[in-house]
Amino acid sequence: MPQMSNRMQLFTDSVIRRMTRISDACGAINLSQGYPDFPPPKALTDTLKHIADEGPHQYSVTYGADNLREAIAEKASPVLHHAVSAEDEVLVTCGSTEAMMCAMMAVCNPGDKVAIFSPFYENYMADTILCDAEPIFIPLVPPDYQFDIALLEQAFQQGAKALVLCNPSNPCGKVFSRAELEAIAALVIRYDAFVITDEVYEHIIYEPNRHIAMASLPDMWERTITCNSFSKTYSITGWRLGYLIAPADVTDACRKVHDFLTVGAPAPLQEAVVTALHFPESYYKELQQSYTEKRRYFLDGLDAIGIAHNIPQATYYVMIDISNWLALPQFHGWTDLQFCEWMTKTIGVAAVPGSSFFREPVNHLIRLHFAREKDTLTEALRRLKKMAAYLK
Ligand code: GLN
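Quick caveat: nothing in here was measured; it's all calculated off a predicted structure. Here, residues in each chain are numbered from 1, in the same order as that chain's written sequence. Residues qualify for local features only when their pLDDT is at least 70, as the model is predicted, and side-chain atom pairs are given and counted only at 80 or more; totals for whole chains, interfaces and linings, by contrast, use all residues. Water and hydrogen atoms were dropped before computing side-chain values, which therefore reflect all heavy atoms in the structure.

## Considering the pattern of salt bridges
Threshold: We count a salt bridge whenever a side-chain nitrogen from Lys or Arg sits within 4 Å of a carboxyl oxygen from Asp or Glu. Residue exposure (1.4 Å probe, protein chains only): buried if accessible area is under 20% of the type maximum, exposed if over 50%, otherwise partly exposed.
Applying the stated rule across the entire model yields 16 salt bridges. In this structure, the salt-bridge partner of Asp13 is Arg18, at a minimum N-O distance of 2.7 Å. Using a relative accessible area of 39% as the deciding quantity, one classes Asp13 as partly exposed. Take Arg18: its relative accessible area is 25%, and that puts it in the partly exposed class. For Glu207, the salt bridge is made with Arg210, and the minimal N-O distance between the two is 3.3 Å. Across the pair, Arg210 and Glu207 agree in class, each one exposed. Residues joined in a network through salt bridges with shared partners are Asp13, Arg18 and Arg21.

## Some thoughts on empty space enclosed by the protein
Keep this limit in mind: Grid points spaced at 1 Å over the protein atoms alone were grouped into cavities, where a 1.4 Å probe fits but cannot get out, and pockets, open sets with protein on both sides within 12 Å along at least five of seven lines, with lining residues defined by an atom within 4 Å of a point. Grid points are joined across faces, edges and corners, and a volume is the space filled by probe spheres set on the points. Where helices and strands are cited, they refer to DSSP runs of H or I of at least four residues and of E of at least two residues respectively, numbered from the N terminus. Residue classes follow a fixed rule: Ala, Val, Leu, Ile, Met, Phe, Trp, Tyr, Cys and Pro count as nonpolar, while Asp, Glu, Lys and Arg count as charged, and any other residue, Gly among them, counts as polar.
Summed over the entire model, instances satisfying the criterion amount to three cavities of 30 Å³ or more. Taken as a whole, the largest cavity encloses approximately 90 Å³ of empty space. Considering the residues around the largest cavity, the lining is formed by Lys75, Ala76, Val79, Leu80, Glu199, Glu202, Thr226, Asn228 and Tyr243. Of all elements in the fold, only helix 3 (66–80) and strand 7 (224–229) reach the threshold of two or more residues within the lining of the largest cavity. If one sorts the elements of the lining of the largest cavity by residue count, helix 3 sits on top with four residues. Its residues placed into classes, the lining of the largest cavity shows four nonpolar, two polar and three charged.

## A closer look at the layout of surface pockets
Quantified by volume, the largest pocket comes out at close to 740 Å³. In this structure, the largest pocket is lined by 28 residues; those nearest its centre are Glu202, His203, Glu281, Tyr284 and Gln288. The set of elements that each furnish at least two residues to the lining of the largest pocket consists of helix 3 and helix 10 (281–304). At seven residues, the largest contribution of residues to the lining of the largest pocket is made by helix 10. Class assignment of the residues belonging to the lining of the largest pocket gives a composition of ten nonpolar, nine polar and nine charged. Quantified by volume, the second largest pocket comes out at close to 450 Å³. Around the second largest pocket, the lining comprises 21 residues; the ones closest to its centre are Phe11, Thr12, Asp13, Glu122 and Met125.

## So, the site of the ligand
Inclusion rule: It suffices for a single heavy atom of a residue to lie within 4 Å of a molecule or strand for the residue to be listed as near it. Each polar contact in these results corresponds to two N or O atoms within 3.5 Å; when the atoms are within protein, one needs to be able to donate a hydrogen and the other to accept it, and residues that are neighboring in sequence are counted only if both atoms are side-chain atoms. All accessibility values rest on the Shrake-Rupley procedure with a 1.4 Å probe; residue burial counts only the protein chains present in the view.
As a matter of local geometry, the ligand sits amid Ile16, Arg17, Gln33, Gly34, Tyr121, Asn170, Tyr201, Lys232, Tyr317 and Arg367. At 2.7 Å from an oxygen atom of the ligand is found a main-chain nitrogen or oxygen belonging to Gly34. Bound to the protein, the ligand loses 89% of the 300 Å² it would expose on its own. Of the residues belonging to the shell around the ligand, the class tally is four nonpolar, three polar and three charged.

## Thoughts on a negative patch on the surface
Threshold: A patch consists of residues exposed above 30% relative accessible area that lack any salt bridge, with like charges linked at up to 9 Å and nonpolar side chains (Val, Leu, Ile, Met, Phe, Trp, Tyr) linked at up to 5 Å. We count Lys and Arg on the positive side and Asp and Glu on the negative side, and we leave His and both chain ends out. In plain terms, the charge of a residue is placed at NZ if it is Lys, CZ if Arg, CG if Asp and CD if Glu.
On the surface, Glu70, Glu74, Glu87, Asp88, Asp249 and Asp252 cluster together to form a negatively charged patch. For the negative patch, the elements supplying multiple residues, two or more each, are helix 3 and helix 8 (248–261). Tracing the backbone through its elements, the reader meets Glu74 in helix 3.

## Overview of the packing of helix 4 (residues 95–107) against helix 8
Definition in use: Here an angle of 0 to 180 degrees is reported between the N-to-C directions of two axes, which are lines fitted to C-alpha atoms, with helices fitted over the stretch in contact. The cut-offs work like this: below 35 degrees is roughly parallel, past 145 is roughly antiparallel, 65 to 115 is roughly perpendicular, and the gaps in between are oblique. Note on convention: the crossing is left-handed when the near helix lies turned anticlockwise from the far helix by less than a right angle, right-handed when the turn is clockwise. Contacts are assigned to residue pairs with any non-hydrogen atoms lying within 4.5 Å of each other.
Two numbers describe how helix 4 lies on helix 8: the axes approach to 8 Å, and their chain directions differ by 120°. The pairing of helix 4 with helix 8 is recorded here as oblique in orientation. The handedness of the crossing between helix 4 and helix 8 comes out as right-handed. Note on element contacts: helix 8 touches helix 4 through Ala253, Cys254, Val257, His258 and Leu261, opposite Glu98, Met101, Cys102, Ala103, Met105 and Ala106. Residue composition of the contact of helix 4 with helix 8, by class: nine nonpolar, one polar and one charged.

## What about the sheet that holds strand 12 (residues 365–369)?
Let me state the cut-off plainly: A pair of strands is considered paired only if DSSP assigns at least 2 bridges between the two.
With antiparallel pairing, three strands are arranged side by side in an open sheet as 9-12-11. This sheet does not close on itself; its edge strands, each paired only once, are strand 9 (317–321) and strand 11 (352–353). Direction of pairing for strand 9 relative to strand 12: antiparallel, over a ladder of five bridges. Counted as the bridge partner of Val318 is Leu368 from strand 12.

## Looking at the packing of helix 12 (residues 336–347) against helix 13 (residues 374–388)
Contact geometry of helix 12 with helix 13 gives a least axis separation of 11 Å together with a crossing angle of 115°. The two elements helix 12 and helix 13 meet at a crossing, and its hand is right-handed. For the pair helix 12 and helix 13, the contacting residues are Phe339, Trp342, Met343 and Ile347 in the first and Arg383, Leu384 and Met387 in the second. When its residues are assigned to classes, the contact of helix 12 with helix 13 shows six nonpolar, no polar and one charged.

## Quick notes on the side chain of Ser235
Relative to the assigned elements, Ser235 resides in the loop between strand 7 and strand 8 (242–245). Under the relative-accessibility criterion, Ser235 is labelled buried at 9%.

Shown next, in the form of C-alpha cells:
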C-alpha cells in the first residue's frame with residue numbers, strides 16, 4: 001500500500017470536535033465544542049430567507065463580495081486604528097479557521113518556526129504542521145495565565161517567523177492587557193516577525209476588560225494579520241464565515257491561498273451577514289450583557305457545588321480543576337481525556353480535556369463552555385452536582 005504523508009503522523013483529529021461526537025452518541029449536554037444552542041438574531045435569519053428567493057446563489061468574487069468587504073472594513077477600521085481598504089486589505093474566508101490557515105501558508109516556508117502561546121486552540125498546531133513549519137510554545141501559566149516575556153524572546157531568538165496570538169484567548173479566557181501587547185509588539189518589531197491573531201471572541205468580554213487589537217498598536221499594522229469570524233458574534237458557527245485583514249501585499253498572498261483552497265465563502269451567507277454588520281452598537285452591548293449573565297449564573301452554580309474554576313475575562317469558556325477527582329482511588333492514573341469520556345457517559349455533561357490545549361504536561365484541567373440557554377445550564381449544574389458528590 002502507498003504511504004500517507006509524514007505530516008499526517010504529527011497531529012490527530014480535533015479532540016474538541018471528537019468530544020461533540022461522543023456527546024451526541026451519549027445524549028449528553030454538550031459543553032465541549034463551543035457554540036451556542038440559541039438562534040441567531042432574527043433580522044439575520046429573515047434576511048437569509050429573503051436571499052433564498054432572491055439570490056445570490058452563484059460564486060461571489062473569490063476574496064469576498066464587495067458589499068461584505070466594505071462592511072467589514074467599516075466595522076474594523078476604528079478597532080484597528082487604520083482606514084482599512086475593502087479593495088485590497090480584506091479577505092473573506094470559510095471561518096477564521098481558513099483565515100488562519102491562509103495567513104500561515106502565506107508567511108511560512110517549510111522549516112520556519114511559529115511561536116504559539118499554550119494553552120492554545122488546537123487548530124494552530126495543525127495549521128503550523130500543515131505548512132511544514134515548527135511550533136515553539138510559550139506557556140500561559142495557570143491559574144492566572146501569565147507568561148514570561150523572556151521565553152517569547154527566546155522563541156524569536158530561535159528564529160520564530162510569526163506569533164499566533166489568540167486574544168481574547170481560547171480556552172483560558174485571558175484578555176491580553178495593553179502592557180502585555182506592547183511588550184509582545186516590541187519583540188515582534190525587534191525580531192522582524194509577523195503576528196497572526198485570532199480575535200473571534202472580541203465581543204464576548206467581561207467588564208472591566210477591554211479588547212485591544214494588536215494591529216492598532218504603533219507600527220503593528222504592517223506586520224499583523226488580523227483573523228476574525230462572524231461565528232461567535234452573531235451565533236452562526238455553522239455558516240463558516242470569517243475574514244482576515246492585513247496590509248495589501250500580505251492580503252494579496254493570503255487571497256492566492258484562499259483562491260485555490262476554497263474558491264470562496266458561501267455567497268448567500270456572505271450577502272446575509274452584511275445585515276448583521278449594520279446592527280447598531282446596542283446589539284454588541286446586549287450580546288455582552290447576555291454572556292455576562294450566563295457567566296455569572298454558571299460560575300455561581302459551580303461555586304455552589306464546590307467545583308473549582310478560573311474566572312474568564314472573556315470568551316464563554318471556563319477551566320475546571322479535576323485534581324480532587326483524579327486523587328480518588330477509582331480515577332487513579334486516569335488521563336483527563338479518560339475523565340472527560342467518563343463524565344460524558346456517566347454524568348451526562350461533555351467537556352474538553354485540557355491536555356488538548358496545553359503543550360505542557362497538564363492533566364488536571366478540563367474546559368466547559370456556557371453558551372447555552374439558562375435551562376440547559378441549570379440541568380448541566382444539576383448533573384455536575386452528582387459529580388461533585390463523589391468528593392464527599
Ligand atoms: N472554537 C470552538 C471551540 O474551541 C470550536 C470551533 C470549531 O470546532 N471549529 O470549541
